[in-house]
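Now for the letters of each chain:
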Amino acid sequence: MSYKGNRLTFFPPKNKGALFFVFITLLTLFITFDSHAADTCKIKHLNSPTPASVLKVNTPSELTAQRGVNQYQISCSVKNGGVLSFLRPGLDSFTWQQNNTIKAPLKAGQVAYLMDPGAFTATITLESKLNYTPRFKWQPTHTYFKKAQQHSLIMGSFYGLCITLIFYVLIMGHRLNESVFKLYSIYIFCIGSFILLQEGQLYLFVTQHVSGVIFNLYLLSIGLTVLSATWFMLALLETNKRWPKLTKLLKTLACTVMLCAVLKMLVTDLLFWTIAGHIMAYSSLFIVAVIFTLAAMQALKGVREATLVFVALSFVLVSMTFRVLLINQSPFMQRYGFVLAFAVESFLLAVAVSRRISRMRIAQKRAETEADYDPLCGILNRRGWAKKSSALINMHAKKGGVLCLMYIDLDDFKQINDSYGHAVGDDALCKVARCLKSSVRSSDAVGRLGGDEFVVLAHFYTNAQVNPKTHHLKTALNRLTINHNNNPIAIKASMGTTVFSEPPHSIDEILKAGDTAMYHEKIQRKVKPLTLVDG
């Protein structure tokens, strides 16, 4: 506000653009509000003396449906029409009758009908397998389809996550052959199936005539999810080591839930359904609460992955609390609680499983390395040398050239052990191993067969490369000494050499030829007696 001359000006000329923007905004809000302000919608349960209740736009109704046939009268006056939707699980059939005509539902996961513009009265008939809350809700048409697209995107992401996790664990863990990875894949498959059947996405592809089959599959998926979750969590936490009896009890409860789910598929008695439903709900909640507590205790004990399981189960426990104990407190948690909880849980458990896979692969690699190496000398043992030699034979077959085997046996090694002790003998063996390793290429196979026998297998492209290498190795070996009480002890070795122009048929063939060559070398050369080398 400002003064200009004798006039009071509320908006100076420079703010006319801002004034126009505010005007358009208020007009838009007014039009949006006015478009639904005159719309009214009421619904009445015809099987109940309860008076009709107002259906507010975008607000679910709390009207309930009893097991059996339920009829509702809906009276609306909507200027631009809209969509009425309600939950599908447990329904055997449903119809919308208006002006003596049965209206076809929309193709959607949950039941949805287009509402005609203007005033109308219709009768909705539901035939339900159980007592439940349909949550009737009407929305403007564009709002419904926008939220349906958002819901489809959320559910598609969840199913994609499930499929990705299943294949991730199967691919990463198939070589480790541990049951926990298979259990995780089964668990994720059961979760995905349970949510798929609960949300009704299958009805996008099938008709309502198979609703009975889908509902039975839904019951089965509940039991399988509880069963697989219990087995997987207990295996991951390794509870059987500390609490074997409690572990057995939890597995028994999970089997009970599964049994109740199967019996509900076969028995239609209302009392039995009520009792079995309570057993399933409270047993599942008890299992989650107990495993949640065990995960906390294992986390405090420092058990790997227990912290991640504890965090993951906290989300599931909250969602199950709303599902079992606080049924009508939060429609959002009732609808999306399980989906969000299981999505977070699945991701966290995937992290836990991937950590376990990484740890096991490292342990497996370490075990394989230890199995292939000589613990004393730090070079390949007979098993590891055979593996690397097989690779060299294959390379020889592909690239040609020659293979040269150098078979080394220490002279008078027993005398060193007897005269100076096994510690000095071990030192001599390590000295020879280091000499061999430093004198050849990393691509060559250097190994200790056992005792005082060593072997080297090398690939050369020409025969001319062989003699310099064998001569160098013989010279290096026969210059070796070890110190004992400041006195050097000479190490002597016989080395037989065999050259293969054609790829040998087996490792045994190589070793047999090398052993023969080394034996002839030992006979032909003059073996000197053990001496102390002068300083």
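As a starting point, this report considers the structure included with it. (Residues numbered from 1 in each chain as written. Predicted model: local features only at pLDDT ≥ 70, side-chain atom pairs only at ≥ 80, totals over all residues. Heavy atoms only, no water.)

### Comments concerning the nonpolar core
No. 1: With 63 residues, the main nonpolar core has Tyr184, Tyr187, Phe232 and Leu349 as its most contacted residues.
No. 2: Mapped by element, the contributors of at least two residues to this core are α2 (141–173), α3 (179–199), α4 (211–237), α6 (244–266), α7 (270–300), α8 (306–324) and α9 (331–372).
No. 3: Here Phe232 is in contact with Val180, Leu183, Tyr184, Tyr187, Leu349 and Val353, once residues within four sequence places are set aside. (Core = buried A, V, L, I, M, F, W, Y, C linked by side-chain atoms within 4.5 Å. Buried < 20%, exposed > 50% of the residue type's maximum accessible area, 1.4 Å probe, protein only. Helix = DSSP H or I, 4+ residues; strand = E, 2+ residues; numbered from the N terminus. Contact = heavy atoms within 4.5 Å.)

### Let's talk about the state of the cysteines
No. 1: Counting across every chain of the model gives one disulfide.
No. 2: Covalently, Cys41 is tied to Cys76 through a disulfide, its sulfur atoms 1.7 Å apart. Its S-S torsion of about 45 degrees marks the bond between Cys41 and Cys76 as right-handed, since a negative value means left-handed. With a gap of 35 residues between them, Cys41 in strand β3 (residues 40–45) and Cys76 in strand β5 (residues 68–78) connect regions that are remote in the sequence. Taken as a pair, Cys41 and Cys76 share a single burial class, namely buried. (Disulfide = S-S within 2.5 Å.)

### Focus on the side chain of Ser61
No. 1: Examined against the element boundaries, Ser61 turns out to sit in the loop between β4 (53–54) and β5.
No. 2: Of the residues examined, Ser61 reaches a relative accessible area of 8% and is grouped as buried.
No. 3: In this structure the side chain of Ser61 is engaged in a polar contact, spanning 3.1 Å, whose partner is the backbone nitrogen of Leu63.
No. 4: Setting aside residues no more than four positions away along its own chain, Ser61 makes contact with Leu55, Thr133, Arg135 and Phe136. (Polar contact = N/O pair within 3.5 Å; in protein donor to acceptor, adjacent residues only side chain to side chain.)

### A look at the side chain of Arg88
No. 1: Of note, Arg88 is situated in the loop between β6 (82–86) and β7 (91–98).
No. 2: A relative accessible area of 7% means that Arg88 is categorised as buried.

### Overview of helix α13 (residues 466–477)
No. 1: The terminal C-alpha atoms of α13, which comprises 12 residues, lie 17 Å apart, in line with the 16 Å expected from a rise of 1.5 Å per residue.
No. 2: Burial in α13 covers these residues: Val466, Lys469, Thr470, Leu473, Ala476 and Leu477. Along the axis of α13, the buried positions cluster into a sector of 130 degrees, meaning they face one direction only. Exposed residues lying more than 90 degrees from the buried face of α13 are Asn467, Pro468 and His471. (Expected span 1.5 Å × (residues − 1). Arc of directions from axis to C-beta.)

### Side note on empty space enclosed by the protein
No. 1: Counted under the stated rule, the structure contains one cavity of 30 Å³ or more.
No. 2: Estimated volume of the largest cavity: approximately 110 Å³.
No. 3: Taken together, 13 residues form the lining of the largest cavity, with Arg88, Pro89, Gly90, Leu197 and Tyr203 sitting closest to its centre.
No. 4: Looking at the lining of the largest cavity, the elements that each hand over two or more residues are α3 and α4.
No. 5: Top contributing element to the lining of the largest cavity by residue count: α4, with four residues. (1 Å grid on protein atoms, 1.4 Å probe; cavity = no way out; pocket = protein on both sides within 12 Å on 5 of 7 lines; lining within 4 Å. Points joined across faces, edges and corners; volume = space filled by probe spheres on them.)

### With respect to the packing of α3 against α4
Geometrically, a packed helix pair is captured by the angle between its two axes and the distance between the axes.
No. 1: Look at α3 against α4: their axes get within 8 Å of each other, and the N-to-C directions meet at 150 degrees. Regarding the angle of α3 to α4, the classification is roughly antiparallel. Note on packing geometry: the crossing formed by α3 with α4 is left-handed. (Axes fitted to C-alpha atoms, helices over the stretch in contact; angles between N-to-C directions. Parallel < 35°, antiparallel > 145°, perpendicular 65-115°, else oblique. Left-handed = near helix turned anticlockwise from the far one by under 90°.)

### Points about the packing of aromatic side chains
No. 1: One pass over the structure, following the stated rule, counts 13 aromatic pairs.
No. 2: With a centroid separation of 4.8 Å and an interplanar angle of 65 degrees, the aromatic rings of Tyr72 and Phe136 are classed as edge-to-face. Of this pair, Tyr72 sits in strand β5 while Phe136 sits in the loop between β10 (118–128) and β11 (137–139), and the two are 64 residues apart along the sequence. For the pair shown, Tyr72 and Phe136 are each scored as buried.
No. 3: Through a chain of ring-to-ring contacts, the aromatic side chains of Tyr72, Phe86, Phe94, Trp96, Tyr113, Phe120 and Phe136 assemble into a single cluster. (Phe/Tyr/Trp six-rings, centres within 6.5 Å; stacked < 30°, edge-to-face > 60°.)

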